[in-house]
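Listed below are the residues making up each chain.
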Amino acid sequence: MEIKENCLYFVKDEFFDIVRDPFLKQNKENTLRPHYFPFIDEKTGLYWLIPCSSRIEKYKNIIETKKSQNKPHNHIQIIKVSGKEEVFLFQDMFPILPQYIDKPYQNKYGIFEIKDKKLIENINENAHKIINLLERKVKFTSTQADINRIKEIMLSELNEGIEETEDMNETN
């Protein structure tokens, strides 16, 4: 499956079984939630997923509180996707391999996507800033996933796949 870096996706349950992080937002049993915005990290070849939420009022209040306290709030942003407001939870991003990304998020009108290239650039720029903080173990919440451990698991699996491919090429 081609992963477009302007659409929203779901994650396969298998990913959560492998990484076993208690703070990742797991798939809901009877609904297709949560959904995520992907982008690729050119340095590692891993995708990163930004969890999205439809709980706009909750996060508007959090953003307003942070603003009133002169605290940074770029780790939570409200962004329109296919005309619908979504909360992008940059603070809860995590790395993943493409085989764990499931189908795109869509409704009867089509796939949820962002068409504004400048907005996508801004999202990616902000995401890379937050990743740098996360990799330095900056805590945005007390229930933050261990992204460095997840990254190690995904890179290990990626490298195993590369080694297997190289071994197969050597025997041919």
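This text goes with the structure placed above it.
Reading guide: rules and limits
Residues numbered from 1 in each chain as written. Predicted model: local features only at pLDDT ≥ 70, side-chain atom pairs only at ≥ 80, totals over all residues. Heavy atoms only, no water. Buried < 20%, exposed > 50% of the residue type's maximum accessible area, 1.4 Å probe, protein only. Helix = DSSP H or I, 4+ residues; strand = E, 2+ residues; numbered from the N terminus. Pairing = 2+ DSSP bridges. Phe/Tyr/Trp six-rings, centres within 6.5 Å; stacked < 30°, edge-to-face > 60°. Polar contact = N/O pair within 3.5 Å; in protein donor to acceptor, adjacent residues only side chain to side chain. Expected span 1.5 Å × (residues − 1).

Student: Can you walk me through the pairing of strand S2 (residues 35–40) in this structure?
Tutor: As a general feature of sheets, a regular strand has side chains that alternate between the two faces. For S2, the tally of buried residues reaches 5 of 6 residues, placing the bulk of the element in the interior. Counted between consecutive antiparallel strands, the loop separating S2 from strand S3 (residues 47–53) contains 6 residues, among which Gly45 sits at a positive phi close to 85°.

Student: Got a minute to help me understand the packing of aromatic side chains in this structure?
Tutor: Note on aromatic pairs: each is described by the distance of the centres and the angle between the planes. A complete count under the given rule lists 8 aromatic pairs for this structure. Both rings, one in Phe15 and one in Tyr100, keep their centres 5.9 Å apart while their planes meet at 50°; by these two values the pair is tilted. With Phe15 in helix H1 (residues 13–19) and Tyr100 in the loop between strand S6 (94–96) and strand S7 (101–104), this pair connects stretches of sequence that are 85 residues apart. Judged by its relative accessible area of 0%, Phe15 is buried. Between Phe88 and Phe90, the ring centres sit 6.3 Å apart and the planes meet at 40°, which makes this aromatic pair tilted. For the pair shown, Phe88 and Phe90 are each scored as buried. Aromatic rings pair up to connect Phe15, Phe16, Tyr36, Phe94 and Tyr100 into one cluster.

Student: So what exactly am I meant to see when it comes to the environment of Lys115 here?
Tutor: Relative to the elements of secondary structure, Lys115 occurs in the loop between strand S9 (110–111) and helix H3 (117–135). Residues Lys115 and Leu158 lie 43 residues apart in sequence; the distance between their C-alpha atoms is 30 Å.

Student: What am I meant to see in the side chain of His35 here?
Tutor: Assignment of secondary structure puts His35 in strand S2. A distance of 2.8 Å separates polar atoms of two side chains, one belonging to His35 and the other to Glu86.

Student: How should I be thinking about H3 in this particular structure?
Tutor: Count 3.6 residues to each turn of an α-helix, and residues three or four apart come out pointing the same way. Here H3 contains 19 residues, and its C-alpha end-to-end distance of 27 Å stays within 8% of the 27 Å for a straight helix at 1.5 Å per residue. N-cap assignment for H3: the residue whose side-chain oxygen lies 2.9 Å from the backbone N of Lys118 is Asp116. Positive backbone phi, at 70°, marks Lys137, one or two positions downstream of H3.

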